[in-house]
Amino acid sequence: MLNLLPAGSTSSPPVVRGSTLPRLFTPPLVTGPPGPCGCGCALTVETSAGFEQVRFADEMLHHPYDPWQRWSVIHGGELLPDGAQRFRYRLILASRQNGKSEIPVGLVPYWLFVERKAQALAASTKVPMAKKLWLKSRKLIEASDLVQLLDKRWYREANGEVEMWTPAKDADGLPWDSHYGVDASNEEGGRSLSVDRLVIDELRHHYDYLAWGALVRTMGALDDAHAWLLSNAGSDRSIVLNDLRHNAVTELPDGTEVAVDDPETDLFLAEWSSARDADPEDVHALAQANPNMNRRGQKSRDLLADARRAVAAGGEALTEFKTEVMCIRVRVMNPAIDPAAWRDCREVGGLDQVRRRVAMVLDVAPDLSHVVLYAAAVLDDGRVRIDPVKAWDGLGCTRAAVRDLPGLIGRTKPRAFGWLPNGPTAALAADLRARPGWPPAGIELEEIRADVPSVCMGFEDLVRSRKLVHSGDPLLNSQVESAEWLTLGDRRAFSRRGEGRVNAMYAAAGATHLARTLPPDLGPFRIR
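First things first, this report covers the structure right here in the doc. (Residues numbered from 1 in each chain as written. Predicted model: local features only at pLDDT ≥ 70, side-chain atom pairs only at ≥ 80, totals over all residues. Heavy atoms only, no water.)

**Quick notes on the side chain of Thr398**
Applied cut-off: A run of H or I in DSSP becomes a helix once it reaches four residues, and a run of E becomes a strand once it reaches two; helices and strands are each numbered from the N terminus. Any two residues whose heavy atoms approach within 4.5 Å are treated as being in contact.
With respect to the helices and strands, the residue Thr398 is situated in helix H11 (residues 397-412). Once residues lying within four places of it in the same chain are set aside, the contact partners of Thr398 are Val364, Leu368, Val371 and Leu428.

**Concerning the sheet that holds strand E7 (residues 197-200)**
Note the cut-off: DSSP-based pairing: two strands are paired if at least 2 bridges between them are found.
Strand order in the open sheet formed by nine strands is E1-E11-E2-E8-E7-E3-E6-E5-E4, and the pairing between neighbours is mixed. Each of the sheet's edge strands pairs with one partner strand only, and the pair in question is strand E1 (24-25) and strand E4 (155-158). Note: E1 against strand E11 (residues 267-271), two bridges, orientation antiparallel. Paired with Leu24 across the two strands is Glu271, which belongs to E11.

**Observations regarding the pairing of E4**
Note: E4 against strand E5 (residues 161-165), four bridges, orientation antiparallel. Its bridge partner being in E5, Glu157 is matched across the sheet by Val162. Connecting the antiparallel pair E4 and E5 is a turn made up of two residues, with Asn159 showing a positive phi of about 55°.

**Structural notes on the pattern of salt bridges**
Which entries qualify depends on this criterion: Salt bridges, as used here, are contacts in which a Lys or Arg side-chain nitrogen is within 4 Å of a carboxyl oxygen on Asp or Glu. Using a 1.4 Å probe on the protein chains alone, a residue whose accessible area is under 20% of its type maximum counts as buried, one over 50% counts as exposed, and one in between counts as partly exposed.
Enumeration over the complete set of coordinates arrives at 39 salt bridges. Across the salt bridge formed by Glu202 and Arg204, the nearest N and O atoms sit 3.9 Å from each other. A salt bridge links Arg383 to Glu347; the nearest nitrogen and oxygen atoms lie 3.1 Å apart. Pair noted here: Arg383 is in the loop between strand E13 (370-378) and strand E14 (384-393) and Glu347 is in the loop between helix H10 (339-344) and strand E12 (359-364), with a separation of 36 residues, a long-range link. The class for Glu347 is partly exposed, based on a relative accessible area of 37%. One continuous salt-bridge network, built from bridges that share partners, spans Arg23, Arg245, Glu257 and Glu271.

**Some remarks on helix H9 (residues 315-324)**
Within H9, seven of the 10 residues are buried, leaving the element largely enclosed by the surrounding structure. What H9 keeps buried is the set Gly315, Leu318, Thr319, Phe321, Lys322, Thr323 and Glu324. In this structure, the buried side of H9 is in contact with helix H7 (283-289) and helix H8 (300-313).

**Side note on the sheet that holds strand E16 (residues 444-447)**
Applicable threshold: Simply put, an axis is a line fit to the C-alpha atoms, just over the touching stretch for a helix, and the angle between two N-to-C directions goes from 0 to 180 degrees.
Strand order in this open sheet of six strands is E16-E15-E12-E13-E14-E17, and the pairing throughout is mixed. Both edges of this open sheet fall to E16 and strand E17 (468-469), since each of them pairs with a single strand only. With four bridges connecting them, strand E15 (residues 416-419) and E16 associate as parallel partners. Pairing of Trp419 across the sheet is with Glu447, part of E16. The strands touched by H11 within the sheet are E12, E13, E14 and E15, with E14 carrying the most contacts at an inclination of about 135°. Strand contacts of helix H15 (residues 503-517): E12, E13, E14, E15, E16 and E17, with the helix running at about 30° to E13, the strand carrying the most contacts.

Shown next, in the form of structure tokens:
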């Protein structure tokens, strides 16, 4: 067979393996020549408890850590000059199915048999998930020589109780009595316990501080207690995870993220993630977020195939891929508008050339603290351009909007003015409906009584097909970034639930709907 490959080349490209080093991590205090970690850092057995923990997993449990897990244990176990642990909280972020939970699974036996800590606890969103961690540690102990040090009855797994323990005293009569149990991550988690070693899995699901407060306060009375926090990226709802990461990462003027180098910090961050603007189909970006890619388990070809499908589908499929596979924080999990499509629709301009086609719509936030007026018109090429007109904010904004509207509409002279009477703008219905002197002459009033889903879904369809044009209004941009769908049977509308506002989106979508449904403009009538 004729070989057309260049000399020295092979038919298979080099395999890109997951990165052992995280993209972002808290740097160690120790400096000097490279030590036995292997990453180039100066940590040694004297400056990190992680080396002994890694050796214990290798020699006693016969369960060696993967390279990235080993790195996490060594760097997370850094010691201060006086021998005390440096970090009280150790936050490990990596994409799913890379073995985050195996880190504490191998550490638990060390805590029980070497450190002889009184109480270790694993917590997750649901007890069965925490129980999986407990079961893996139990099986490691059962398969090792350590089980010979335990009583015949050393664990309980019945009637909702999941716990293991060591004898009250060891063979030399010295106190021992170590325990390891599980609990759910909720406001009752760990209460009544004093916990030396805490594991919190799936931290991204902590949408408030109730579970966090209940769990970490169990360590309050113990000077050397610490917690391992495991997760992949979340959304804006993941407030505990986001707050912790905010303390560990800073953003440079050019948008680059770097880990905070603070000698006083008690928070260790190790984050395997793709950069925020990374291409989902970039295998090197996937390697940054998946440290075990092409090492064990996940293959790059499978992840790339998933990436192509997610990019093609956009929306929720793409945000799911970014959080689960690229470990990138997203604003929302079920975005109403695809952010890439929205960026593509940006084209600075105005409506001066199509003034006879302009429609305007007013919309109000549910708490009546914000009012927005938006304009839209169909352009000659069939696209729809939207532009902001005015926004009112704060106490009394609804009265201010009602006061300003007649003069504003009279000056701008849109062809039509409307609102959605089935939303919060219903509060202004009496002021917006026709009465003597309102609306100004030549302007049609329109209560948009079409189904709200048709307004919202029609707007999203124009964005997705790049048939909508906007100038990049910061207010609307911010609402688009955080807007989620509210599912109504087999239809959808922009969700007004939660803290984020979407009234600018409703005003823009309503104006778009109204502009597209106006009858053709025939211009001034001429007598021939």
